[in-house]
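Structure at a glance
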Amino acid sequence: MKKRALVAGGAGFVGSHLCELLLEKGYEVDVVDNLVTGNKNNIKHLFGKGLKWFDVDICNLHILHDPYHEIYNLASPASPADFDKMPEFILNTAALGHTALLDLAKERKARILLASTSEVYGDPLQHPQREEYFGNVNPIGPRGCYDEAKRFAEAMTMAYLRRFQVQTRIVRIFNTYGPRMRPQDGRMIPSFFSSALKGESLTIHGDGKQTRSLCYVTDLVAGIYALMQSSETSPVNIGNPIEKSVLEIADTVNALIGNKKPHTFLPAMPDDPKRRCPDISKAKRVLAWEPKVSLSQGLDSTLKYFKENVVR
Ligand code: NAD
């Protein structure tokens with residue numbers, strides 16, 4: 001019998017790549033996604049190949065009748081632009097929506113994985129970030145709606161593990177990029193590509209010395225899948241530990257595209273993390289996982305997507 005997975009947020013950037021991986025591995029895949037930040041185009045090539053899409057909010061799961069072996073919860077707006085536009089929706093999606101998915105996992109005896117985030121570490125005072133670090137989060141700042149939503153979802157996940165023995169997994173995802181990111185979603189790589197392809201100057205907030213560690217999306221979904229198959233119930237960082245400054249990344253994008261416009265520097269965003277780099281020794285140890293795609297390979301594939309789909 002084929003395994004069946006439910007992917008909440010499957011029409012989003014990461015979710016659509018995860019659906020492709022699960023279908024390749026022979027799963028039947030149901031997607032719940034209300035398209036608040038996702039796009040049907042991300043999954044329409046998978047219709048008729050074992051994927052079904054339910055256009056609902058994750059708070060309304062009563063329409064799902066299938067048994068599930070695995071539930072992946074990736075449903076959450078994730079970009080800084082969304083934090084300004086829909087903070088209460090983000091908090092409710094984590095509190096009410098993730099709890100509804102945990103109840104479904106409990107009822108159907110499914111494993112469930114929460115897509116958490118490196119943002120649970122806030123503007124970190126420890127570097128690189130290990131899973132044991134509790135973080136430095138400002139709950140009332142503009143990023144608080146997202147950081148605290150994910151921290152709440154992690155706590156609720158652990159409650160269902162301890163109290164009801166639901167088979168839970170938590171992945172803490174670090175900055176990931178690749179094809180199907182929304183060009184205007186405010187995240188660094190799509191913003192840089194969109195501007196550079198139009199021959200415009202790249203906008204950098206702050207002095208550009210803040211660092212990011214960029215993981216290519218196929219590496220991330222391989223890590224998510226490996227975690228779901230493992231017996232590890234405590235959080236695991238998945239990301240690429242090669243750290244670059246924002247300025248270096250901007251220069252690399254401009255060099256790749258041949259854009260010569262000088263960068264525009266704007267004031268730093270409030271609570272923007274100054275350094276961000278995962279310690280992935282736990283992922284290496286318990287999942288035998290590490291990233292394989294180099295930054296230049298990943299940027300080439302992303303550029304191809306942006307040229308074909310976004311900037312014509
Ligand atoms: P995304 O916005 O592309 O995908 C999220 C998807 O969830 C979208 O398709 C959206 O329509 C759907 N969704 C949101 N709220 C929903 C709700 N209440 N009901 C039904 N569907 C809903 O974002 P992404 O980058 O693909 O992120 C996927 C997950 O990974 C998110 O949970 C995010 O917090 C986490 N994450 C991503 C990154 C990254 O770098 N991409 C980093 C850390 C964590």
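Our subject is the structure that appears above.
In this text the structure is predicted, and so the values were computed from the model without any measurement.

Cut-offs applied
Residues numbered from 1 in each chain as written. Predicted model: local features only at pLDDT ≥ 70, side-chain atom pairs only at ≥ 80, totals over all residues. Heavy atoms only, no water. Helix = DSSP H or I, 4+ residues; strand = E, 2+ residues; numbered from the N terminus. Rg over C-alpha atoms; globule rule 2.2 N^0.38 Å. Buried < 20%, exposed > 50% of the residue type's maximum accessible area, 1.4 Å probe, protein only. Contact = heavy atoms within 4.5 Å. Areas by Shrake-Rupley, 256 points an atom, 1.4 Å probe, with all protein chains shown as cover. Lys, Arg positive; Asp, Glu negative; His and termini not counted. Charge placed at Lys NZ, Arg CZ, Asp CG, Glu CD. Near = heavy atom within 4 Å. Polar contact = N/O pair within 3.5 Å; in protein donor to acceptor, adjacent residues only side chain to side chain. Nonpolar A, V, L, I, M, F, W, Y, C, P; charged D, E, K, R; others polar. Pairing = 2+ DSSP bridges. Axes fitted to C-alpha atoms, helices over the stretch in contact; angles between N-to-C directions. Salt bridge = Lys/Arg side-chain N within 4 Å of Asp/Glu carboxyl O. Disulfide = S-S within 2.5 Å. Left-handed = near helix turned anticlockwise from the far one by under 90°.

1. Some thoughts on the overall build of the chain
The helix and strand inventory of the chain stands at nine helices and 13 strands. On C-alpha atoms alone, the chain measures out to a radius of gyration of 19 Å, which is about the 20 Å that the 2.2 N^0.38 rule sets for 312 residues. Considering only C-alpha atoms, the chain reaches an extent of 55 × 45 × 35 Å along its principal axes. By the burial criterion, 55% of the 312 residues in the chain qualify as buried. Considering only residue pairs separated by 6 or more positions, the chain has 80% of its internal contacts joining residues 24 or more positions apart. Looking at the chain as shown, the accessible area adds up to about 13800 Å², and 53% of this sits on carbon and sulfur atoms. Of the side chains in the chain, 40 bear a positive and 35 a negative charge, and the two mean positions are spaced by 3 Å.

2. Thoughts on the site of the ligand
With respect to spatial proximity, 30 residues lie near the ligand, and among them Val14, Asp33, Thr37, Tyr146 and Lys150 are the closest. Residue Val14 places a main-chain N or O atom 2.8 Å away from an oxygen atom belonging to the ligand. With respect to the ligand, the side chain of Thr37 contributes an N or O atom lying 2.6 Å from an oxygen atom. Expressed as a share of its isolated accessible area of 830 Å², the protein-covered part of the ligand is 97%. The set of elements that each furnish at least two residues to the shell around the ligand consists of α1 (13-24), α3 (87-108), β5 (111-117) and α4 (144-164). Split by residue class, the shell around the ligand holds 15 nonpolar, 11 polar and four charged.

3. Here we look at the sheet that holds strand β4 (residues 70-73)
Ordered in space as β3-β2-β1-β4-β5-β6-β11, the seven strands form an open sheet in which the pairing is parallel. Unpaired on one side and paired on the other, β3 (51-54) and β11 (236-238) mark the two borders of the sheet. In this sheet, adjacent strand axes meet at a mean angle of 20° when their direction is disregarded. Alignment of strand β6 (residues 168-173) against β11, held across three bridges, turns out to be parallel. What sits directly across from Val171, in β11, is Val236. Taken strand by strand, α4 contacts β5 and β6, and its axis lies near 155° from that of β5.

4. Re the environment of Asn259
Looking at the element boundaries, Asn259 is found in the loop between α7 (246-257) and β13 (264-266). The class for Asn259 is buried, based on a relative accessible area of 11%. Put simply, Asn259 and Ala196 are 63 residues apart on the chain and 5.7 Å apart in space, counted from C-alpha to C-alpha. With residues near it in sequence (within four places) discarded, Asn259 still touches Ala196, Gly199, Glu200, Leu202 and Asn254. Here the side chain of Asn259 touches Glu200 through a polar contact of 2.9 Å, landing on its backbone oxygen.

5. Some remarks on the side chain of Ser76
Within the secondary structure layout, Ser76 lies in the loop between β4 and α2 (80-85). Contact partners of Ser76, with chain neighbours within four places excluded, come to Ile90, Thr93, Tyr146 and Lys150.

6. Here we look at the pattern of salt bridges
Under the criterion given, the structure shown has 22 salt bridges. Measuring nitrogen to oxygen at the nearest pair gives 3.7 Å for the salt bridge that ties Glu28 to Arg4. Of this pair, Glu28 sits in strand β2 (residues 28-32) while Arg4 sits in strand β1 (residues 4-8), placing them 24 residues apart in sequence. For the salt bridge of Arg182 with Asp185, the shortest nitrogen-to-oxygen distance reads 3.9 Å. A relative accessible area of 1% means that Asp185 is categorised as buried.

7. Notes on the state of the cysteines
The full count for this structure, using the stated rule, is zero disulfides. The structure places no disulfide on Cys19, whose sulfur is separated from the nearest cysteine sulfur, that of Cys215, by 18 Å. Free cysteine Cys215: the closest other cysteine sulfur is in Cys277, separated by 12 Å.

8. Side note on helix α5 (residues 188-197)
Most of α5 sits inside the fold, with eight of its 10 residues counted as buried. Along α5, the residues that are buried comprise Met188, Ile189, Pro190, Phe192, Phe193, Ser194, Ser195 and Ala196. Along its buried surface, α5 packs onto β7 (176-177), β8 (203-205), β9 (211-213), α7 and α9 (295-310). After α5 finishes, the residue Gly199 shows a positive phi value of roughly 75°.

9. Considering the packing of α1 against helix α6 (residues 217-229)
Where α1 meets α6, the axes come as close as 9 Å, and the angle between the chain directions of the two elements is 65°. When you trace α1 past α6, the crossing you get is right-handed. Contact residues: α1 offers Phe13, Val14, His17, Leu18, Leu21 and Leu22, while α6 offers Val217, Leu220, Val221, Ala222, Ile224 and Tyr225. Residue composition of the contact of α1 with α6, grouped by class: 11 nonpolar, one polar and no charged.

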